[in-house]
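In case you want the letters, here they are:
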Amino acid sequence: MNKLFLYNTLTRKKEEFKPIKKGEVGLYTCGPTVYNYAHIGNLRSYLFEDILKRVLLYNGYKVKHVMNITDVGHLTGDMDMGEDKLEIGAKREGKTAWQIAEFYTKAFRDDIKKLNIKEPDVWCKATDYIKEQIDLIKILEKKGYTYKTSDGIYYDTSKFKNYNKLSHLNLETLREGARVEINDEKKNPTDFALWKFSPKGEKRQMEWNNNPWGMGFPGWHIECSAMSLALLKDQLDIHCGGVDHINVHHTNEIAQSEAATGKKFFNYWLHGAFLNITGGKKMAKSAENFLTLENAFIKKGIDPLVFRFACLQTHYRKPMEYSEEAMKNAENGLKKLYNESEKYLDIDKGEMAKYSEQAFRKYQAIFEDAINDDLNIPQALSVFWRLLNSNENATLKFFVINSFDRVFGLRIAINAAEIKQLRSDIPKDIKEFAEKRVQARKDGNWNIADEIRKKIEDRGYKIMDSDDNKYKIWKV
């Protein structure tokens, strides 16, 4: 395996990645709070995490990826003040909190599919892990890290050494940030709720009574600790999220997890920078300035992969500026990439004879140096363009397109094939063959599928499969 270097927020430096188990990676990524649509600023974080996962897979690692769905406990104030976001969504739309969670979870999954983001191996909802969260709070209570107020069970941050080790901010700065939303009963401004009591005289839709403290619901931070410990156990390699999670959410995860287990909670912490609207203002639902994949791209007839392509051109740790002009430039760039790649889908024997594995290894080595240098995808894209614009033979370019796109995730070959198909007049019987082949593949009749492919190719056509049982055909 090649050496992979990642910037670790915990140590504030690039480090060689060394997994706990050789050849395997435990990856936990903070998922959405499903009370509204994800905005494209949120989606930029999921794209960076997808690139990380793809780079790990490209390097030969076996990845177990866990992502949470926050469907309870995330209050409007991150310091445990305000109303639960799911309850707000339910009132806004006249639905139950459970219906809101289900609807926006599906919307999120649809969004990441459109962006060609690989789904996690394990989806875990906070409401499915209430018992694990309660058990973790009990351990903290037994070890003396908790205290009770009129509105919940709180974690005493003064009892945890190096509470600021992830944020690298002095404690007074963290206290000042927390004081904005301070609860007068808290011992320290940075203390946070592990369990919140249901407000008196108010019936919540999501609340539980099978615990030692009374009717209520878990705090936002405890869910990620409970679920990652339950699902990754001794494989706590990498934890990811947006930079806005560093000072509060991830800091609190570390404090409660390490206090409970007495062990280090994840070795590597990676964080993606904000997507800003022109003028440098952070995109956020609270500011009501957010754009979704639907209204920013799909309704305008723009392929969502344009946004993916735009994000690849800015390093994940650098703030990215959104503007319609920037997205138009990205759209033109992606079309150019597809059009250029379309030239190399048909490989004849003469080009195969010219193919140089040595040249392929040269470009592959430069590409791998880039992606393994803290996911330097802008540099990797420049390597890709350099090859496409070179005098290297078509076979080499074909192999590189397919190899590098395992990381880029731009569906280059499939979309280039679509361009080729649009330029071809496909006979009816060829299309019928293709449909029969799809059915054969669905049924697992691979020999029949191969026979049909040969019939199509014998007629002078090329067929390329996508991962959703679709295909592209063009005249060779």
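In this report, we go over the structure that sits alongside the text. (Residues numbered from 1 in each chain as written. Predicted model: local features only at pLDDT ≥ 70, side-chain atom pairs only at ≥ 80, totals over all residues. Heavy atoms only, no water.)

**What to know about the overall build of the chain**
Put simply, the rule is: Starting at the N terminus, helices and strands are each numbered in turn, a helix being any DSSP run of H or I of at least four residues and a strand any DSSP run of E of at least two. Both definitions apply: the radius of gyration is a C-alpha atom measure, and the globule rule equals 2.2 Å times residues to the power 0.38. Partly exposed describes any residue whose relative accessible area lies between the buried limit of under 20% and the exposed limit of over 50%, with all areas from a 1.4 Å probe on protein chains only and scaled to the type maximum. Here, residues are in contact when the closest pair of their heavy atoms is within 4.5 Å. Values of accessible area rely on a 1.4 Å probe in the Shrake-Rupley scheme; residue burial ignores everything except the protein chains shown. Only four residue types enter the charge count, namely Lys and Arg as positive and Asp and Glu as negative; His and the chain termini do not. All charge positions are set by atom: Lys at NZ, Arg at CZ, Asp at CG, Glu at CD.
Within the chain, the secondary structure is distributed over 17 helices and 18 strands. By the compact-globule yardstick of 23 Å for 476 residues, the chain fits well, its C-alpha radius of gyration being 25 Å. For the chain, the residues scored as buried account for 56% of the 476 residues in total. Summarising the internal contacts of the chain: among those between residues at least 6 apart in sequence, 76% fall at separations of at least 24. Carbon and sulfur atoms make up 49% of the accessible area of the chain, which totals about 21600 Å². Charge-centre separation for the chain: the mean point of 77 positive side chains lies 3 Å from the mean point of 69 negative side chains.

**Overview of the sheet that holds strand β4 (residues 62-69)**
What counts here: At least two DSSP bridges between two strands are needed for those strands to be called paired. Axes, fitted as lines to C-alpha atoms, cover a helix only where it is in contact. Angles between the N-to-C directions of the axes lie from 0 to 180 degrees.
Strand order in the open sheet made by the five strands is β7-β4-β3-β12-β13, with parallel pairing throughout. Because the sheet does not close on itself, it has two edges, and the strands there are β7 (122-125) and β13 (268-272). Sheet twist, expressed as the average angle between the axes of neighbouring strands with direction ignored, equals 20°. Note: β4 against β7, four bridges, orientation parallel. Directly across from V66, in β7, lies its bridge partner V122. Its contacts with the sheet place helix α6 (residues 220-232) against β3 (24-29), β4 and β7, and it is angled at close to 150° to β4.

**Things to note about the sheet that holds strand β10 (residues 192-197)**
Taking strand neighbours across the sheet as the criterion, the four strands line up as β8-β9-β10-β11 in an open arrangement whose pairing is antiparallel. What marks the edges here is a single partner per strand, and that holds for β8 (146-149) and β11 (216-218). Each strand of the sheet is rotated relative to its neighbour by a mean of 25°, with strand direction disregarded. Pairing analysis gives four bridges linking strand β9 (residues 152-155) to β10, with the strands arranged antiparallel. Looking across to β10, one finds that Y155 is bridged to F192. Together, β8, β9, β10 and β11 form the strand contacts of helix α4 (residues 130-142), whose direction differs from that of β10 by roughly 120°.

**Here's the deal with the packing of aromatic side chains**
Short version of the rule: The rule is short: rings of Phe, Tyr and Trp, with Trp giving its six-membered ring, pair when the centres are within 6.5 Å, and they are stacked under 30 degrees, edge-to-face over 60, tilted in between.
On inspection of all chains with the given rule, the structure shows 23 aromatic pairs. Taking the centre distance of 4.6 Å and the plane angle of 5° together, the rings of F48 and Y316 count as stacked. With F48 in helix α1 (residues 40-58) and Y316 in the loop between α9 (305-312) and β16 (320-322), this pair connects stretches of sequence that are 268 residues apart. Look at Y147 and Y154: their rings are 6.1 Å apart centre to centre, the planes differ by 25°, and that puts the pair in the stacked class.

**Here we look at the pattern of salt bridges**
Applicable threshold: A carboxyl oxygen of Asp or Glu within 4 Å of a side-chain nitrogen of Lys or Arg is what we treat as a salt bridge.
Evaluation of the coordinates by the stated rule reveals 24 salt bridges. Salt-bridge contacts for R204 lead to E87; the nearest nitrogen and oxygen are separated by 4.0 Å. Of this pair, R204 sits in the loop between β10 and β11 while E87 sits in helix α2 (residues 85-93), and the two are 117 residues apart along the sequence. Linking K106 and D110 is a salt bridge whose minimum nitrogen-to-oxygen distance equals 3.1 Å. Within this pair, K106 and its partner D110 are both found in helix α3 (residues 97-114), separated by four residues, close to a single helical turn. Under the relative-accessibility criterion, K106 is labelled exposed at 53%.

**Some details on unusual backbone geometry**
Within the chain, K233 stands out as a residue other than glycine whose phi angle is a positive 50°. Relative to the helices and strands, K233 is located in the loop between α6 and β12 (238-242).

**Let's talk about the environment of K22**
Relative to the helices and strands, K22 resides in the loop between β2 (13-16) and β3. A sequence separation of 376 residues divides K22 from F398, and the C-alpha atoms of the two residues are 32 Å apart.

**Topic: the packing of helix α12 (residues 357-371) against helix α14 (residues 394-408)**
Helix-helix packing is described using two parameters, namely the angle between the two axes and the distance between the axes. The condition is simple: Each angle gets one of four labels, with under 35 degrees taken as roughly parallel, over 145 as roughly antiparallel, 65 to 115 as roughly perpendicular, and the rest as oblique. The crossing is said to be left-handed when, going from far helix to near helix, the turn is anticlockwise and less than a right angle, and right-handed when the turn is clockwise. Just so you know the grouping, Ala, Val, Leu, Ile, Met, Phe, Trp, Tyr, Cys and Pro go in nonpolar, Asp, Glu, Lys and Arg go in charged, and all remaining residues, Gly too, go in polar.
For the pair α12 and α14, the least separation of the axes is 10 Å and the interaxial angle reads 20°. Overall, the two elements α12 and α14 adopt an arrangement that is roughly parallel. The crossing of α12 and α14 is right-handed. Between α12, through A359, F360, Y363, Q364, F367 and I371, and α14, the contact on the second element is made entirely by L396, F399, V400, S403, F404, V407 and F408. Partitioning the contact of α12 with α14 into residue classes produces 11 nonpolar, two polar and no charged.

**Observations regarding the environment of N295**
Test applied: Between N or O atoms, a polar contact is any pair within 3.5 Å; within protein, one atom must be a potential hydrogen donor and the other a potential acceptor, and residues adjacent in sequence are included only when both atoms are from side chains.
Tracing the chain through its elements places N295 in helix α8 (residues 293-296). N295 sits in the partly exposed class, given a relative accessible area of 33%. Along the sequence, N295 and E49 sit 246 residues apart, while their C-alpha atoms lie 23 Å from each other. A polar side-chain atom of N295 sits 3.0 Å from the main-chain amide nitrogen of T292.

**Focus on the nonpolar core**
Convention followed: Among buried residues, those of type Ala, Val, Leu, Ile, Met, Phe, Trp, Tyr and Cys that are joined through side-chain atoms within 4.5 Å constitute a nonpolar core.
Formed by 73 residues in total, the largest nonpolar core has its most connected members in L43, I238, F297, F307 and F408. Tallying contributions element by element places α1 first for this core, with 10 residues. If sequence neighbours within four positions are ignored, F297 has contacts with I40, T292, I302, D303, V306, F307, Y322 and M327. Of all hydrophobic cores here, the second largest spans 55 residues; its members include V34, Y104, W208 and F217.

Keep in mind these values describe shape, not function.
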